[in-house]
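Spelled out, the chains give:
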Amino acid sequence: MNNSEANNGGSKGATSGGSNGVETTGGTTTEQEMWDPYEADEGYDEPDEPTDYQVVYTTPSQQQPQSLAQQQRQQQAASQGGLMMQQQTQQHAIMGASGHPLQQQMGSSSGSYGAATRANMAMGTGTGTGTGVMGMGMGTGTGMTMGMGMGMQIGGGRSPEYPRSSSPLGSPPSPPRFVNASSPAIMGSPTSMCNCRCGCQACSAPPTYQLSPRVAELLPGGAVQLRPLAEKTLASSVASLAMIDRVSSTARAETPGKIAAREIIAKLHTKFVEVSSYNYEQFHPSHRWEPPTECITVQQLIVVIEETIAILQNEPTLLRQKPPVYVLGDLHGNYKDLVCFAKAFGLWDHFEIVPAKFLLLGDYVDRGPHSIETIALLFALKVLIPTKIFLLRGNHESKEINGDTHTYKEGSLLWQCQVAYPEQGELLWKKMNKCFRYLPIASVIDNRIFCVHAGIPRALTQNNINLLNEILATPRPVKVLQSQFVFDLLWADPATEDDERKLIGKNLFPRGFGANPRGTGTCLFGKLAVKIFFEQSGCSHIIRAHQYPHDGIQLAKMATTVTVFSSSHYCGNGNKAASVLVHNNTLELIISNTESAVTIPPPSSTPPPNSS
């Protein structure tokens, strides 16, 4: 964001996100219906034990050993483990005795945290029973002298599994990832480390595999063509042939949204051609429709948007993925760079068989010349491969921002919709914003990497919330400017060292936070806020977007906060586009070195400027 935007688009958010009657939702968690995002075949991965990550620019390297402070924290937590387990057992006992809805739904009361040794003494016992639909559960737990803890579980449930110690002397196992024993029993809480340790079929059943209904053919030149499985003579018996026919019937029954998505992608591949003379000039189109009559129709877009909404409604507000995951930052209508990354990562010609997942951090529209085509490609991919591509919400995915034609002029989404479709442009814009309100807010990769558009909300210390639980419990659709909590997640910036001294903790802001020069109502988050969040959540890194560094990547907070920006030459500047690959316990930084003959200001040594 430049200074004019800070006074216009930024002040809009400031008015609603600041002190002028904003409804603060970050401090309370309303009781929600339990929803399991890890149900089979939904594309969400059940968390495993935490993994240590590090940042590299090229190839993965070995993990760094634990620091003395880390070892001391682990020993301190381990010494308190027996007492904490006993307290959690008592909590389960209370839940079981009172017939908690979780037990009623899953048929399991509570089990103990069992079989652990502790060098310290923890005294007390907790017992409880409860009856559910699928059976009865019962749990007891004791802590005894010499640190021997013991638990037993009867019924349909099973206990969370603590990490096994690798020490030959049998040292205490690592403490659980979540240490707030008062948190509600929802996903990510300390009493449900795998988010559904109830013994139900979704938790305990092995993964189910099925035959794909299509065959992928690799054509000369690297293209991929998909054909129904039934068209190929691959069966060796009549029984196998019958099974292929049944599987292929699902491929033939494509939804209108999938049909429209394939049509959109085919048009983008063949009719939306690159302008040869384009040299990253601001507001100049990088592509054009040839012929103009072959552009995507409003009807095709609306059909895809409606199916995208249906998919997003079945996703949680807080996503979880396992590596490998490519993470992209702001695109801002830069279709050229999106295609560049898509081709490099196999998402252009091979998206149906690509093995990795893709997480985009928001701000798909505004500023650049091709907001419609950028969002059309992303929504089409979401419809066709919903378990591979995940779209988070950015601050520009709000009608108050992308409809501001005064500030963004021809760069605004509304302006481009009205120019491309004079009669139905405003209708299309409204449909897109309806879909934006259902986008998830954040994601956690491998239990360690927190991904969000902007940053940490001030409610973390102001209201002492459990951030991951609070995000998960945030209902959608949500209007950003009516929720201070969501507003901060989409607008906050990391404090610089100078900001830490001058702004953090000042002017009535809660500890760890300060006023953001971006505009009234927005905040900065400092080192203390990051430290508190990491201790609370078990995360080790934050990947966020929202600002454009010259190289597309900026590291902050001892290299634990990574800013990634995926639109090069943003607003006429000379910045590069970048992305992050999370895999093999490594954050691999990928920079697209796009060259331009346009005269570009030299990079400054100042922190990333405000962007969105």
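Every value quoted in this text rests on a predicted model; they were computed, and no experiment measured them.

On to the overall build of the protein chain. Of the regular secondary structure elements, the protein chain holds 20 helices and 23 strands. The 612 residues of the protein chain split such that 53% are buried. Carbon and sulfur atoms form 54% of the exposed surface of the protein chain, whose accessible area is close to 27,100 Å².

The next thing to look at is the pairing of strand E11 (residues 325-328). Remark: a regular strand shows side chains that alternate across the two faces of the sheet. The alternating pattern of E11 places Val325 and Val327 on one face and Tyr326 and Leu328 on the opposite face, and all of these are buried. Relative to strand E12 (residues 357-360), E11 runs parallel, the two sharing four bridges. Residue Val327 lies in a different strand from E12, and its bridge partner there is Leu359. For the crossover that starts at E11, traverses helix H10 (residues 335-344) and ends in the parallel E12, the hand is right-handed.

In this chain, Glu290 is followed by Pro291 through a cis amide linkage whose omega measures -5 degrees. Note on placement: Pro291 falls in the loop between strand E9 (287-289) and helix H9 (298-313). A cis amide bond links Pro323 with the next residue in sequence, Pro324, at an omega value of 0 degrees. Here Pro324 lies in the loop between strand E10 (318-321) and E11. The residue Tyr280 is not glycine, and still its phi comes out positive at about 65 degrees. Within the secondary structure, Tyr280 is located in the loop between strand E8 (272-274) and E9.

We now examine the sheet that holds strand E18 (residues 523-525). If you walk across this open sheet you meet the three strands as E16-E18-E17, and the pairing is mixed. In the strand order of this sheet, the two ends are held by strand E16 (493-494) and strand E17 (513-515), each with one partner. Direction of pairing for E17 relative to E18: antiparallel, over a ladder of three bridges. The partner of Gly514 across the bridge, within E18, is Leu524.

Spatial strand order, E10-E14-E15-E19-E21-E20: six strands in an open sheet with mixed pairing. Strands with a single pairing partner mark the edges of an open sheet, and in this sheet they are E10 and strand E20 (553-556). Between one strand axis and the next, the sheet turns through 20 degrees on average, direction left out of account. Contacts between helix H20 (residues 527-537) and the sheet are confined to strand E15 (449-452), strand E19 (541-544) and strand E21 (561-564), with E19 contributing the most and set at about 115 degrees to the helix.

Bringing the packing of helix H14 (residues 413-420) against helix H15 (residues 425-436) into the picture now. Two elements in contact, H14 and H15, have axes whose closest approach is 7 Å; the angle formed by their N-to-C orientations is 140 degrees. Between H14 and H15, the crossing angle belongs to the class labelled oblique. As for how H14 packs across H15, the hand of that crossing is right-handed. Across the interface between the two elements, Leu413, Leu414, Cys417 and Gln418 from H14 touch Gly425, Glu426, Leu428, Trp429, Met432 and Phe436 from H15. Taken together, the residues of the contact of H14 with H15 sort by class into seven nonpolar, two polar and one charged.

Before going further, it helps to spend a moment on the nonpolar core. Among the nonpolar cores identified, the biggest contains 60 residues, and Tyr364 and Met432 are the most heavily contacted of them. With ten residues, helix H11 (residues 371-384) is the single largest residue contributor to this core. Aside from chain neighbours lying at most four places away, what touches Met432 is Ile305, Ile372, Ile375, Leu413 and Cys417. In this structure, Ile401, Phe487, Val530 and Phe534 belong to the second largest nonpolar core, which totals 37 residues.

What counts, and at which threshold
- Residues numbered from 1 in each chain as written.
- Predicted model: local features only at pLDDT ≥ 70, side-chain atom pairs only at ≥ 80, totals over all residues.
- Heavy atoms only, no water.
- Helix = DSSP H or I, 4+ residues; strand = E, 2+ residues; numbered from the N terminus.
- Buried < 20%, exposed > 50% of the residue type's maximum accessible area, 1.4 Å probe, protein only.
- Areas by Shrake-Rupley, 256 points an atom, 1.4 Å probe, with all protein chains shown as cover.
- Pairing = 2+ DSSP bridges.
- Right-handed = clockwise from strand over helix to strand, strands pointing away.
- Axes fitted to C-alpha atoms, helices over the stretch in contact; angles between N-to-C directions.
- Contact = heavy atoms within 4.5 Å.
- Parallel < 35°, antiparallel > 145°, perpendicular 65-115°, else oblique.
- Left-handed = near helix turned anticlockwise from the far one by under 90°.
- Nonpolar A, V, L, I, M, F, W, Y, C, P; charged D, E, K, R; others polar.
- Core = buried A, V, L, I, M, F, W, Y, C linked by side-chain atoms within 4.5 Å.

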